[in-house]
Amino acid sequence: MADVMLMKDIEETADRLGIDLAQVDFDAIRLPPGEDFGIISDDEEVLQEESLEFDSGFGNIIVVDNLPVVPPEKFEKLEGVVRKIFGQIGVIKDDGLWMPVDPSTQKTLGYCFIEYGTPQEAELAKEKTDGYKLDRAHIFTVNMFEDFDRFMKVPDEWAPPEINPYTPGENLQQWLTDEKARDQFVIRSGSDTEVFWNDARHLKPEPVYKRPFWTESFVQWSSLGTYLATIHRQGAAVWGGASTFNRLMRFAHQQVKLIDFSPGEKYLVTYSSHEPSNPRDANRIVINIFDVRTGKVMRDFKGSPDDFSTGGTGGVAGLSWPVFRWGGGKEDKYFARIGKNVISVYETETFSLIDKKSLKVENVMDFCWSPTDPIIALFVPELGGGNQPARVSLVQIPSKEELRQKNLFSVSDCKMYWQSNGDYLAVKVDRYTKTKKSTYTGFELFRIKERDIPIEVLELENKNDKIIAFAWEPKGHRFAVIHGDNPRPDISFYSMRSTHNSGRVSKLTTLKGKQANALFWSPAGRFILLAGLKGFNGQLEFYNVDELETMATAEHFMATDIEWDPTGRYVATAVTSVHEMENGFNIWSFNGKLLYRILKDHFFQFAWRPRPPSFLTPEKEEEIAKNLKKYSKKYEAEDQDVSMLLSEQEREKRRMLKEEWEKWLNEWKRLHDEEKLLRQKLRDGEASDEEEEYEAKEVEVEEILDVTEEVLSDDFDQE
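The structure reproduced in this document is the subject of the present report. (Residues numbered from 1 in each chain as written. Predicted model: local features only at pLDDT ≥ 70, side-chain atom pairs only at ≥ 80, totals over all residues. Heavy atoms only, no water.)

1. Here we look at the overall build of the protein chain
Next up, step 1: What the protein chain contains, in helices and strands, is eight helices and 43 strands.
Next up, step 2: Pairs at least 24 residues apart make up 44% of the contacts formed inside the protein chain by residues separated by at least 6 positions.
Next up, step 3: With an accessible surface of roughly 45,100 Å², the protein chain has 51% of that area assigned to carbon and sulfur atoms. (Helix = DSSP H or I, 4+ residues; strand = E, 2+ residues; numbered from the N terminus. Contact = heavy atoms within 4.5 Å. Areas by Shrake-Rupley, 256 points an atom, 1.4 Å probe, with all protein chains shown as cover.)

2. Here's the deal with the packing of aromatic side chains
Next up, step 1: Counted by the stated rule, this structure contains 42 aromatic pairs.
Next up, step 2: Between Tyr 132 and Phe 140, the aromatic rings sit 5.5 Å apart at their centres with planes inclined by 35 degrees, giving tilted as the arrangement.
Next up, step 3: Overall, the relative accessible area of 2% leaves Phe 140 in the buried class.
Next up, step 4: Here the aromatic cluster, defined as three or more aromatic residues joined through ring pairs, consists of Tyr 267, Phe 301, Phe 324, Trp 326, Phe 335, Tyr 346 and Phe 351.
Next up, step 5: Positioned above the aromatic ring of Phe 367 is the side chain of Arg 325, whose terminal nitrogen or guanidinium carbon lies 4.6 Å from the ring centre.
Next up, step 6: For the cation-ring pair, Lys 463 lies above Tyr 440, with the distance from its terminal atom to the ring centre recorded as 4.6 Å. (Phe/Tyr/Trp six-rings, centres within 6.5 Å; stacked < 30°, edge-to-face > 60°. Buried < 20%, exposed > 50% of the residue type's maximum accessible area, 1.4 Å probe, protein only. Lys NZ or Arg CZ within 6 Å of the ring centre and 35° of its normal.)

3. Here's the deal with the nonpolar core
Grouped burial of nonpolar side chains is what soluble globular proteins tend to show.
Next up, step 1: In this structure, Ile 62, Val 64, Val 82, Phe 86, Cys 112, Ile 114 and Tyr 116 are the most contacted members of the largest nonpolar core, which totals 21 residues.
Next up, step 2: Per element, the largest residue contribution to this core is four residues, and it comes from helix H3 (residues 75–87).
Next up, step 3: Setting aside anything within four residues of it in sequence, one finds Tyr 116 in contact with Asn 60, Ile 62, Phe 86, Ile 89, Gly 90, Val 91, Ile 92, Lys 93, Glu 121, Ala 122 and Ala 125.
Next up, step 4: By size, the runner-up hydrophobic cluster in this structure holds 19 residues, among which are Phe 379, Met 416, Phe 446 and Ile 453. (Core = buried A, V, L, I, M, F, W, Y, C linked by side-chain atoms within 4.5 Å.)

4. Re the pattern of salt bridges
Next up, step 1: In the structure shown here, the tally under the stated rule is 39 salt bridges.
Next up, step 2: Its salt-bridge partner being Glu 123, residue Lys 302 comes within 3.3 Å of it at the nearest N-O pair. Here the residue Lys 302 occupies a position in strand S17 (residues 297–303), and Glu 123 occupies one in helix H4 (residues 119–129), the gap between them amounting to 179 residues.
Next up, step 3: With relative accessibility at 18%, the residue Lys 302 sits in the buried group.
Next up, step 4: Classification of Glu 123 by relative accessible area gives partly exposed; the value is 30%.
Next up, step 5: Between Arg 182 and Glu 206 there is a salt bridge, with the nearest N and O atoms lying 2.8 Å from each other. Of this pair, Arg 182 sits in the loop between helix H5 (145–152) and strand S7 (184–189) while Glu 206 sits in strand S9 (residues 204–212), and the two are 24 residues apart along the sequence.
Next up, step 6: For Glu 206, a relative accessible area of 31% puts it in the partly exposed group.
Next up, step 7: In this structure, a network of salt bridges that share partners links the residues Asp 178, Lys 180, Arg 182, Asp 199 and Glu 206. (Salt bridge = Lys/Arg side-chain N within 4 Å of Asp/Glu carboxyl O.)

5. What to know about H4
Next up, step 1: Every buried residue of H4 is accounted for by Glu 121, Ala 122, Leu 124, Ala 125 and Thr 129. Each buried residue of H4 sits inside an arc of 165 degrees when the element is viewed along its axis, so together they form one side.
Next up, step 2: The secondary structure elements touched by the buried residues of H4 are strand S1 (61–65), H3, strand S3 (111–116), strand S6 (141–144), strand S16 (284–291) and S17.
Next up, step 3: Gly 131 lies just past H4 and shows a positive phi near 95 degrees. (Arc of directions from axis to C-beta.)

6. A closer look at the sheet that holds S1
Backbone-to-backbone hydrogen bonds join strands into a sheet, with any given pair of strands oriented parallel or antiparallel.
Next up, step 1: Spatial strand order, S2-S3-S1-S6: four strands in an open sheet with antiparallel pairing. Sheet topology places strand S2 (92–98) and S6 at the edges, where each strand pairs with a single neighbour. If you compare each strand with its neighbour and ignore which way they point, the axes differ by 20 degrees on average.
Next up, step 2: Strand direction decides the pairing type here: S1 and S3, joined by five bridges, are antiparallel. Of the residues in S3, the one forming a bridge with Val 64 is Cys 112. (Pairing = 2+ DSSP bridges. Axes fitted to C-alpha atoms, helices over the stretch in contact; angles between N-to-C directions.)

7. Examining unusual backbone geometry
Next up, step 1: Each neighbour pair has its own omega, and for Ile 397 with Pro 398 the value is 10 degrees, a cis peptide bond.
Next up, step 2: The residue Pro 398 is located in the loop between strand S25 (390–396) and strand S26 (401–408) in this model.
Next up, step 3: Positive phi values are uncommon outside glycine, yet Asn 537 reaches one of about 60 degrees.
Next up, step 4: Among the residues examined, Asn 537 registers a relative accessible area of 33% and is labelled partly exposed.

8. Topic: the environment of Glu 382
Next up, step 1: Considering the arrangement of structural elements, one finds Glu 382 in the loop between strand S24 (375–380) and S25.
Next up, step 2: The class for Glu 382 is partly exposed, based on a relative accessible area of 28%.
Next up, step 3: Taking the C-alpha atoms as reference points, Glu 382 and Asn 407, separated by 25 residues in sequence, lie 9.5 Å from one another.
Next up, step 4: A distance of 2.5 Å separates the side chain of Glu 382 from the backbone nitrogen of Ser 410, its partner in a polar contact.
Next up, step 5: Looking at Glu 382, its side chain comes within polar contact range of the main-chain nitrogen of Val 411, at 3.3 Å. (Polar contact = N/O pair within 3.5 Å; in protein donor to acceptor, adjacent residues only side chain to side chain.)

9. Description of the side chain of Thr 441
Next up, step 1: Mapped onto the elements, Thr 441 comes out in strand S29 (residues 439–447).
Next up, step 2: The class of Thr 441 is buried, set by a relative accessible area of 8%.
Next up, step 3: At 2.8 Å, the side chain of Thr 441 and the side chain of Asp 430 are in polar contact.
Next up, step 4: Excluding anything up to four places from it in sequence, Thr 441 contacts Lys 428, Val 429, Asp 430, Lys 463, Asp 465 and Ile 467.

10. Quick look at the environment of Pro 205
Next up, step 1: Relative to the elements of secondary structure, Pro 205 occurs in strand S9.
Next up, step 2: Separated by 382 residues in sequence, Pro 205 and Ile 587 place their C-alpha atoms 9.6 Å apart.
Next up, step 3: The residues touching Pro 205, leaving out its near neighbours within four places in the chain, are Phe 185, Phe 196, Trp 197, Asp 199, Tyr 596 and Ile 598.

11. Here's the deal with the pairing of strand S33 (residues 490–495)
Next up, step 1: The element S33 is largely enclosed, with a buried count of six among its six residues.
Next up, step 2: The alternating pattern of S33 places Asp 490, Ser 492 and Tyr 494 and Ile 491, Phe 493 and Ser 495 on opposite faces, both of which are buried.
Next up, step 3: With six bridges connecting them, strand S32 (residues 478–483) and S33 associate as antiparallel partners. The partner of Val 481 across the bridge, within S33, is Ser 492.
Next up, step 4: Remark: six residues form the turn of the hairpin made by S32 and S33, two consecutive strands paired antiparallel; Gly 484 in that turn has positive phi of roughly 130 degrees.
Next up, step 5: Note that S33 and strand S34 (residues 506–511) share five bridges and pair antiparallel. Each residue of the ladder has a partner; that of Phe 493, found in S34, is Thr 509.

12. A word on the sheet that holds strand S8 (residues 192–199)
Next up, step 1: Strand order across the open sheet formed by four strands is S9-S8-S7-S43, with antiparallel pairing between neighbours. If you trace the sheet from one side to the other, it starts and ends with S9 and strand S43 (603–608), each paired once. Strand-to-strand, the axes of this sheet are offset by a mean angle of 20 degrees, without reference to chain direction.
Next up, step 2: Pairing analysis gives eight bridges linking S8 to S9, with the strands arranged antiparallel. Directly across from Glu 194, in S9, lies its bridge partner Lys 210.

13. Thoughts on the state of the cysteines
Next up, step 1: Enumeration over the complete set of coordinates arrives at zero disulfides.
Next up, step 2: With no disulfide partner, Cys 368 has as its closest neighbouring cysteine sulfur the one in Cys 414, 9.0 Å distant.
Next up, step 3: The exposure class assigned to Cys 368 is buried, which follows from its relative accessible area of 16%. (Disulfide = S-S within 2.5 Å.)

Keep in mind these values describe shape, not function.
Now the structure itself:
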């Protein structure tokens, strides 16, 4: 269509200038040198396509160095060895192996070129074989062919880098200085992503930032709330700023599907899975670890799903996520992954294995870090048909010293739960009965900060009860357990401190027959939300564990997600697009008062913005809690002012409604007076409009129902 319009324009211009196009020799036209007037010739388009192919056509070729130098009679044998090693990784193209030969000696030159079917296979071959030891004298060095072009562009003479003057950046923690001490949250609905202040005093959210098509799948806050990450086909991006959300850094990773921030948000881990060219081959996994501030790739890991799927819970397409788990507290010193019979622990100073070797643990199934200390808890199931018992071990990093070990017998399953301060570790152990036909559950409770790490065993009164949920109190010493097999299970609360402080676990209370299957502690402890999700249709009970009493019961029908704000003042319940009805979220106070409700079609995600840890010491926090009334006077006065303002707004709203009503009423009266004569005429001259002045009269009305005509004979005249 564009060509037709262009020719039409040319014909119109020729007619206007009086030029007969039939007499013009177009082949003889020559444009000035360097000018194309925006018209690209067919030849130039072909050249551009060929140039594009040339630039990106060598991504599937690798160069293998440090091969043996052999004479012609051993050439075929060496080629067979190379094909055997590199053919296991991917399909080598026909005539895809070339070993150059020295024309003068007819010996090989000690390197070769290998061409695979896809760039992914070539990259995997480089990853797997770089450093491969053929024998003592020949250790392979493998590079991508494309890298040589980059190496050749390095200048011969070193030039000092240009030093740019320092310009201070934005305060990325500006949102923490909000005068109203409000928290932020992000939601996704439809194609929009929105950030709001939770203005609970005014019973509504206050918009901060809104952007359509901001992400292609989901958004995620960083661990301390500094950044908001978005996902795109080309990679991930992080956003932040003082007053709005500006893009701070991009992280190139094609088809990224999952991300994870380190606890101190120094690093970002990205994951992708790529389908191979050969359907018989496994997908190729790529994991990158980026420095968040610079965007530099600190380390990458590549392989098949089998290389990353050992152990762990949860995940995508059979993969445990996160693959790498961070330890060592907020300093981001260590990260680790589980493999076959090993736990590989890396340190972030060099991004290499500690002591250059993994921690060997035969048949290890799961592990988890202490939230505050460089300590790993690991689980090993029974071996040798039960001859070697299962065990849970605590290992210190980086020394790899075993701090404590507990043998467990007749184990069918095991789950480990750390308390948020790293003071306690609960190990839920499912054991077989003697008949092996059923299981029962107990807890092994480790007191990490006490001398020699004592362990207590806890069994429920009915040890055959199924454990539905377990949760530690944040920053506290209590935990809650939902247990039972009936539709209304029981909920028990325990304390790691007894009344006499004897260091024994003690039971606080049991709530019988509750419609709950999930536990949500307030981040500040003390309060817990007992929730009945899925089959219980969103039953909510707000419970005060200090007083052992229910503060409120409520319901958010079909609720799918529950999340406390980072301060423990408010809690959000949401219905995502898993259900097609009632999509949106509710904001509640900590004691169960519904503050406001927002409905959103196609609602996908709700997430509070995390806060960094407080700078106050535990002693200072305890002092504030004891003298809370002194600090709360200021906020009570502010709350009263807001309440008065809301009351004034409500009164103003009612006044406006009243004025609107009176205006309508006066208009109706005016129309009524204007139509008075018309109404009088319709009433046959009756003047009054008042119904009370009318006199009721009884009027008899004769009505002919039917008329019948009958002819009589005149017989009496004949007589």
